[in-house]
Amino acid sequence: MTAVSDDARDTRTTPGAGTPARPTGRATGTLLTVLAWVVGIGFFFPVLWMVLTAFKQERDAYTDPPTLFFTPTLDQFAGVFGGGVTPYLLNSLFATLMSTALVLLLGTPAAFALSLRRVKRTQDVLFFFISTKMLPIVAAIVPIYVAVNFIGALDNIWTLVVLYTAMNLPIAVWMMRSFFLEVPKELLEAASMDGASLWRSLREVVLPIISPGMAATALICMIFSWNEFFFAVNLTASQAATVPVYLVGFITSEGLYFASLCAAATVAALPVVIIGWIAQNKLVQGLSFGAVK
């Protein structure tokens, strides 16, 4: 009996004998959780510091060491809105929404056609789409500027709409094609047997299924368009300038108005944050679409 008990005791205490090492696994999970929090706070800290600085006076924004305790003020936000940020916000909003709508309008049928059935040189077509993103914008700005100037479209908001649509369309086609591929082919076959046309099947069967993916695609295109700076600063002057161009105005020969710049950057980031917060459920569903069946 003693020998059996010793063997059983040895089995319970021997690693790899069937008993999981729970304390070690728990410690690893705790360490990974702490590491994830540290990384998350590290990424979020610059944004938090920008928002805090927006509520400071200019003299408090330049202190060394930084001022952690201060009296909040809205003077910088009043200066931003009093300085005429509204037209820039409206230009960015118009260019972003219109270009995103055009991207979805043009990219949805293209992605559906490429996912419906394999055609000759499908991969070549897809590579051609994405290869347009490999050319640096700075290498294309001169011919684009010459062409836009030739047709008299400089400082025109519709020029940015067209360019933003062309900029985001390849990414949208690639993303939405992956979502279309996850839709079971049997659904289209069943709709066809019921007499639905291809367009009706797309509109009433496929699009409701991939709506989270379309929301994710639209949000990414909106972020890219809202943050775009190079086209806006080179092709606009005063009538069609967007928010990123407005932010450059805080860098002057007298120095950098840091608190005012942080207030303007907070106002510029707020619309995208609000849209992302409203669409967060669709965004998570879209980014994970097809990951689990």
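The model shown is predicted, which means the values in this text are computed figures rather than measured ones. (Residues numbered from 1 in each chain as written. Predicted model: local features only at pLDDT ≥ 70, side-chain atom pairs only at ≥ 80, totals over all residues. Heavy atoms only, no water.)

Details of the nonpolar core
In step 1: If you look at the biggest cluster of nonpolar residues, it comprises 17 residues, and the most contacted ones within it are V80, L89, Y246 and F250.
In step 2: Elements represented by at least two residues in this core include exactly α2 (22–54), α4 (75–82), α13 (243–248) and α14 (258–278).
In step 3: Ranked by the residues each element gives to this core, the list is headed by α14, at seven residues.
In step 4: Setting aside its immediate chain neighbours within four residues, Y246 contacts V80, G83, G84, V85, Y88 and A264.
In step 5: Ranked by size, the runner-up nonpolar core spans 16 residues in total, among them V103, F180, L188 and C221. (Core = buried A, V, L, I, M, F, W, Y, C linked by side-chain atoms within 4.5 Å. Buried < 20%, exposed > 50% of the residue type's maximum accessible area, 1.4 Å probe, protein only. Helix = DSSP H or I, 4+ residues; strand = E, 2+ residues; numbered from the N terminus. Contact = heavy atoms within 4.5 Å.)

Quick look at helix α8 (residues 157–181)
Think of an α-helix as turning once every 3.6 residues; residues three or four places apart then point the same way.
In step 1: Under the 1.5 Å per step criterion, the end-to-end length of α8 is 35 Å for 25 residues, consistent within 8% with the ideal 36 Å.
In step 2: The sharpest bend along α8 comes to roughly 35°, located at L169, with the proline P170 sitting one to four residues further on.
In step 3: With 18 of 25 residues buried, α8 lies mostly within the body of the structure.
In step 4: A distance of 2.9 Å separates the backbone nitrogen of W158 from a side-chain oxygen at the start of α8, and that oxygen is part of N156. (Expected span 1.5 Å × (residues − 1). Bend = angle between axes of the 7 residues up to and from the residue. Polar contact = N/O pair within 3.5 Å; in protein donor to acceptor, adjacent residues only side chain to side chain.)

Re the UniProt feature "transmembrane region" (unreviewed entry) in the chain
In step 1: In this structure's numbering, the residues bearing the UniProt feature "transmembrane region" (unreviewed entry) are residues 34–55, 92–114, 126–151, 157–176, 205–226 and 256–279.
In step 2: End C-alpha atoms of residues 92–114 are separated by 32 Å, and the span's content is 100% helix alongside 0% strand.
In step 3: Within the segment residues 205–226, helix and strand shares are 95% and 0% respectively, and the terminal C-alpha atoms sit 32 Å apart. (UniProt positions renumbered as here; feature names shortened; annotations may be inferred.)

Observations concerning α4
In step 1: Those residues of α4 lying buried are Q76, F77 and V80. The buried residues of α4 occupy one face: seen down the axis, they fall within an arc of 100°. In α4, the exposed residues that point more than 90 degrees away from the buried face are A78 and G82. (Arc of directions from axis to C-beta.)

Overview of the packing of helix α11 (residues 211–227) against α14
Between two packed helices, both the angle of their axes relative to each other and the distance between the axes serve to describe the pair.
In step 1: Axis separation between α11 and α14 bottoms out at 11 Å; the angle between their running directions is 180°. Overall, the two elements α11 and α14 adopt an arrangement that is roughly antiparallel. Touching L219, M222, I223 and W226 of α11 are A268, P271, V272, I275 and G276, all from α14.
In step 2: Counted by class, the contact of α11 with α14 contains eight nonpolar, one polar and no charged residues. (Axes fitted to C-alpha atoms, helices over the stretch in contact; angles between N-to-C directions. Parallel < 35°, antiparallel > 145°, perpendicular 65-115°, else oblique. Nonpolar A, V, L, I, M, F, W, Y, C, P; charged D, E, K, R; others polar.)

Notes on the packing of aromatic side chains
In step 1: Counted under the stated rule, the structure contains five aromatic pairs.
In step 2: Relative to Y246, the ring of Y88 lies with its centre 4.9 Å away and its plane at 45°, an arrangement referred to as tilted. Here Y246 lies in helix α13 and Y88 lies in helix α5 (residues 86–116), a separation of 158 residues in the sequence.
In step 3: Taking the centre distance of 5.2 Å and the plane angle of 90° together, the rings of F94 and W158 count as edge-to-face. Taken together, the positions of F94 in helix α5 and W158 in helix α8 put the pair 64 residues apart, joining distant regions of the chain.
In step 4: Classification of F94 as partly exposed rests on a relative accessible area of 32%. (Phe/Tyr/Trp six-rings, centres within 6.5 Å; stacked < 30°, edge-to-face > 60°.)

Quick look at the environment of M176
In step 1: Relative to the helices and strands, M176 is located in helix α8.
In step 2: For M176, a relative accessible area of 0% puts it in the buried group.
In step 3: Between the alpha carbons of M176 and A216 there is a distance of 9.4 Å; along the sequence they are 40 residues apart.
In step 4: When neighbours within four sequence positions are excluded, M176 is seen to be in contact with L104, G107, T108, A111, M214 and T217.

Topic: a nonpolar patch on the surface
In step 1: Judged by side-chain polarity, W37, I41, F44, F45, V47, L48 and L52 come together as a nonpolar surface patch covering roughly 700 Å² of accessible area.
In step 2: Inspection of the secondary structure puts V47 in helix α2. (Patch = residues over 30% accessible without salt bridge, like charges linked within 9 Å, V, L, I, M, F, W, Y side chains within 5 Å. Areas by Shrake-Rupley, 256 points an atom, 1.4 Å probe, with all protein chains shown as cover. Salt bridge = Lys/Arg side-chain N within 4 Å of Asp/Glu carboxyl O.)

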